[in-house]
Amino acid sequence: MRIVLLCHTGLGGSGIVATELALALSELGHEIHIIAEHIPFRLKEETVSSSNRGGLEYRELAGAPATKSWWGKLVELGRKSARYYFGKQTDNSKSTEGNIHFHEFQIFNYPLFEDSSLLTLRAANTIADVVSKYSIEIVHAHYALPHSTRAILARDAGLNIKIVTTLHGTDISVAGRDPALRHMARHALVKSDAVTAVSGALASQANELLDNPIKIFQVPNWVDSNRFQRATSDTERKKYAHKDEIIFIHASNFRPIKRSLDAVRIFAKIQQELPSRLFLIGDGVEKMQCIELAQELGVNGRILSLASTTAIETFLSISDYLLLPSEEESFGLVALEAMSCGVIVVATQVGGLPELITTGENGFLFEVGNVDQAVSQIKSSLTNQDLKEKVTTNARTTAVQKFSPQNAIQGYLEVYKSLLSK
Ligand code: GMT
């Protein structure tokens, strides 16, 4: 199949999901075109077959050879069996590896317009050009706004394409409910040819926006359980903590919706009784407030802060507890990645998190803002070794068995195939 993927390029789960999907589909032999403002942060230049920037087509070479993803390794082991697993491709699919092409939005220079006022038109125009030039069949928008809107605009310009919209969360829970954007969110939902959501909770939330419910396919986030697993030695852990210290981690984009300050509050209460460390990973508007709060609570010396990293598994694989106190979380990709590493997730009972976690079985869920409840859940597992082991083991099992890449990629392929057969 020939597929265009549209996504946000900065840090964030939706861009990660789109990038991993691009790698998986390309390694299955499908032709992938990513159209965006910049290259997505998890997409390494060396995995891109061609780049089109400012109207110039070329190939960027990176210094180091590409390391194969989980999917690359699987395909290396048996390309044929992978194909067999996912079913036959359409006749016009290619079978070359590394079939990912990146297209930057076209540039229009005319001093009358502020550049940002034309962004959506330039994006839609670029989509129309790429679709025509490469005979694209599917345009898959990751995040309804503004990506689906741009694809719909391009289709209305006369293209024969099918538009798939994947809802990731705040496109519905924040933008969809905001008077400033809600009509556009509804438009994106009803004008897409197929809509998918990363959890059942998000699918229901999306339909609440509409007078007449639509069919929404559920394709959850997934995790590469080979990449995300417990560290096999103490070497890395010893760099950050003493043997008897507990390692907590909070990784996010530090937006208010993440309630990152609650992570610091929970940590401070535990640290009063038991020596601990807290990784604060990522950047965002509330990051400095977290450090300030840690100082007020007298635990700033125990915080290990790091800006965004593409190697989050290095830190998850040596942590004991992930703190995810979000106000909203449609799925919680970082929780799944942590569970795959055998980390105990202590998260809020919101959105799609109850579809991933059952309290006392494979993690813990607490009410939004109820810091004391989270603290007592952590203490209960710290004082009960059997409970701790059960939760840790079940967390990994859930990740491996219920959220495998194979299931998710197959889910997306089925959606594409159903549209193309219509
Ligand atoms: O969590 C974020 O702030 C980033 C956001 C995004 O749009 O990139 O993540 C959303 O999509 C992820 C991938 O599907 C989900 O795992 C996250 O739960 C979701 N975030 C929220 O709903 C707040």
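Within each chain, residue numbers correspond to sequence positions counted from 1 in written order. Owing to the predicted nature of the model, reporting of local features is limited to residues with pLDDT of at least 70; listing and counting of side-chain atom pairs is limited to 80 or more, with chain, interface and lining totals taken over all residues. Side-chain measures were taken over the full set of non-hydrogen atoms in the model, leaving aside hydrogen atoms and water.

Moving on to the packing of aromatic side chains. Two aromatic rings from Phe, Tyr or Trp, using only the six-membered ring of Trp, form a pair when their centres are within 6.5 Å; if the ring planes differ by under 30 degrees the pair is stacked, by over 60 it is edge-to-face, and anything between is tilted. On inspection of all chains with the given rule, the structure shows seven aromatic pairs. Pairing Phe-248 with Tyr-321 gives two aromatic rings, centres 5.2 Å apart and planes at 20°, and the pair type is stacked. Placement of Phe-248 in strand E10 (residues 246-251) and of Tyr-321 in strand E13 (residues 321-324) is noted, with a sequence separation of 73 residues between them. Taken as a pair, Phe-248 and Tyr-321 share a single burial class, namely buried. Aromatic pair Phe-279 and Phe-315: ring centres 5.2 Å apart, planes at 70°, arrangement edge-to-face. Of this pair, Phe-279 sits in strand E11 (residues 276-281) while Phe-315 sits in helix H11 (residues 313-316), and the two are 36 residues apart along the sequence. Each helix is a run of DSSP H or I of at least 4 residues and each strand a run of E of at least 2, with the numbering of both proceeding from the N terminus. Partly exposed residues are those whose accessible area sits between 20% and 50% of the maximum for their type, while under 20% is buried and over 50% is exposed, using a 1.4 Å probe and protein chains only.

On to the site of the ligand, then. What surrounds the ligand is a group of 18 residues, the closest being His-168, Asn-253, Arg-255, Lys-258 and Glu-329. One nitrogen or oxygen atom from the side chain of Asn-253 is found 2.7 Å from an oxygen atom belonging to the ligand. Lys-258 is positioned such that a nitrogen or oxygen atom in its side chain is 2.6 Å from an oxygen atom of the ligand. Per-residue accessibility takes into account occlusion by the displayed protein chains alone, with areas from the Shrake-Rupley method and a 1.4 Å probe. Considering the ligand on its own, with 480 Å² of exposed area, one finds that the protein chains cover 94% of that surface. Neighbouring residues are identified by heavy atoms, a residue being near a molecule or strand if any of them is within 4 Å of it. Any pair of nitrogen or oxygen atoms within 3.5 Å is treated as a polar contact; in protein, a donor-acceptor pairing is required on top of that, and neighbouring residues in sequence qualify only through side-chain atoms on both sides.

On to the packing of helix H12 (residues 333-340) against helix H14 (residues 385-402), then. Throughout, an axis means a line fitted to C-alpha atoms (over the contacting stretch in the case of helices), and angles, computed between N-to-C directions, take values from 0 to 180 degrees. Put simply, H12 and H14 touch, their axes get as near as 7 Å, and they point 115° apart. It follows that H12 is roughly perpendicular to H14 by the angle criterion. Regarding H12 and H14, the two cross each other, and that crossing is left-handed. Contacts from Leu-336, Met-339 and Ser-340 of H12 reach H14 at Ala-395, Arg-396, Thr-398 and Ala-399. Residue polarity is assigned by list, with Asp, Glu, Lys and Arg as charged and Ala, Val, Leu, Ile, Met, Phe, Trp, Tyr, Cys and Pro as nonpolar; anything else, Gly included, falls into the polar class. A breakdown of the residues in the contact of H12 with H14 according to their chemical character gives four nonpolar, two polar and one charged. For classification, angles of less than 35 degrees are called roughly parallel, those exceeding 145 degrees roughly antiparallel, those between 65 and 115 degrees roughly perpendicular, and all remaining angles oblique. Throughout, a crossing is termed right-handed when the near helix is turned clockwise from the far one, and left-handed when it is turned anticlockwise from it by less than a right angle. In what follows, residue pairs with any heavy atoms lying within 4.5 Å of each other are defined as contacts.

We define a salt bridge as a side-chain nitrogen of Lys or Arg found within 4 Å of a carboxyl oxygen belonging to Asp or Glu. The full count for this structure, using the stated rule, is 16 salt bridges. A salt bridge links Glu-245 to Arg-302, with the nearest nitrogen and oxygen atoms 2.4 Å apart. Of the two residues, Glu-245 is situated in the loop between helix H8 (235-238) and E10 and Arg-302 in the loop between helix H10 (287-296) and strand E12 (303-306); the sequence distance between them amounts to 57 residues. For the pair formed by Glu-245 and Arg-302, the shared burial category is buried. Three or more residues joined by partner-sharing salt bridges are found here, namely Arg-259, Asp-262, Arg-265 and Glu-327.

A word on the pairing of strand E6 (residues 138-142). Across the five residues of E6, five count as buried, placing the element largely inside the fold. In the sheet, strand E1 (residues 2-6) pairs with E6 via four bridges, with the strands oriented parallel. Its bridge partner being in E6, Leu-6 is matched across the sheet by Ala-141. As paired strands, E6 and strand E7 (residues 162-167) are joined by five bridges and run parallel to one another. By the bridge assignment, Ala-141 is partnered in E7 with Thr-165. Seen with its strands pointing away from the viewer, a crossover is right-handed when the path leading from the first strand over the helix to the second is clockwise. Handedness of the crossover is the feature at issue here: the chain leaves E6, passes through helix H4 (residues 144-156), returns alongside E7, and the resulting connection is right-handed. Paired strands, as defined in this entry, are two strands with at least two bridges between them according to DSSP.

This brings us to helix H3 (residues 119-134). Take the number of residues in a helix, subtract one, and multiply by 1.5 Å to get its expected span. Here H3 contains 16 residues, and its C-alpha end-to-end distance of 22 Å stays within 8% of the 22 Å for a straight helix at 1.5 Å per residue. Along H3, the residues classified as buried are Leu-119, Arg-122, Ala-123, Ala-124, Thr-126, Ile-127, Ala-128, Val-130, Val-131 and Tyr-134. Two residues or fewer after H3 comes Ser-135, characterised by a positive phi angle close to 50°.

This next bit is on unusual backbone geometry. Following Leu-145, the chain continues to Pro-146 via a peptide bond in cis, the omega torsion being 0°. By secondary structure assignment, the location of Pro-146 is in helix H4. Phi is positive for Tyr-143, which is not a glycine, with a value near 105°. Among the structural elements, Tyr-143 can be located in the loop between E6 and H4. Owing to a relative accessible area of 15%, Tyr-143 belongs among the buried residues under this scheme. Phi angles above zero are rare outside glycine, and Arg-259 is one such case at about 50°.

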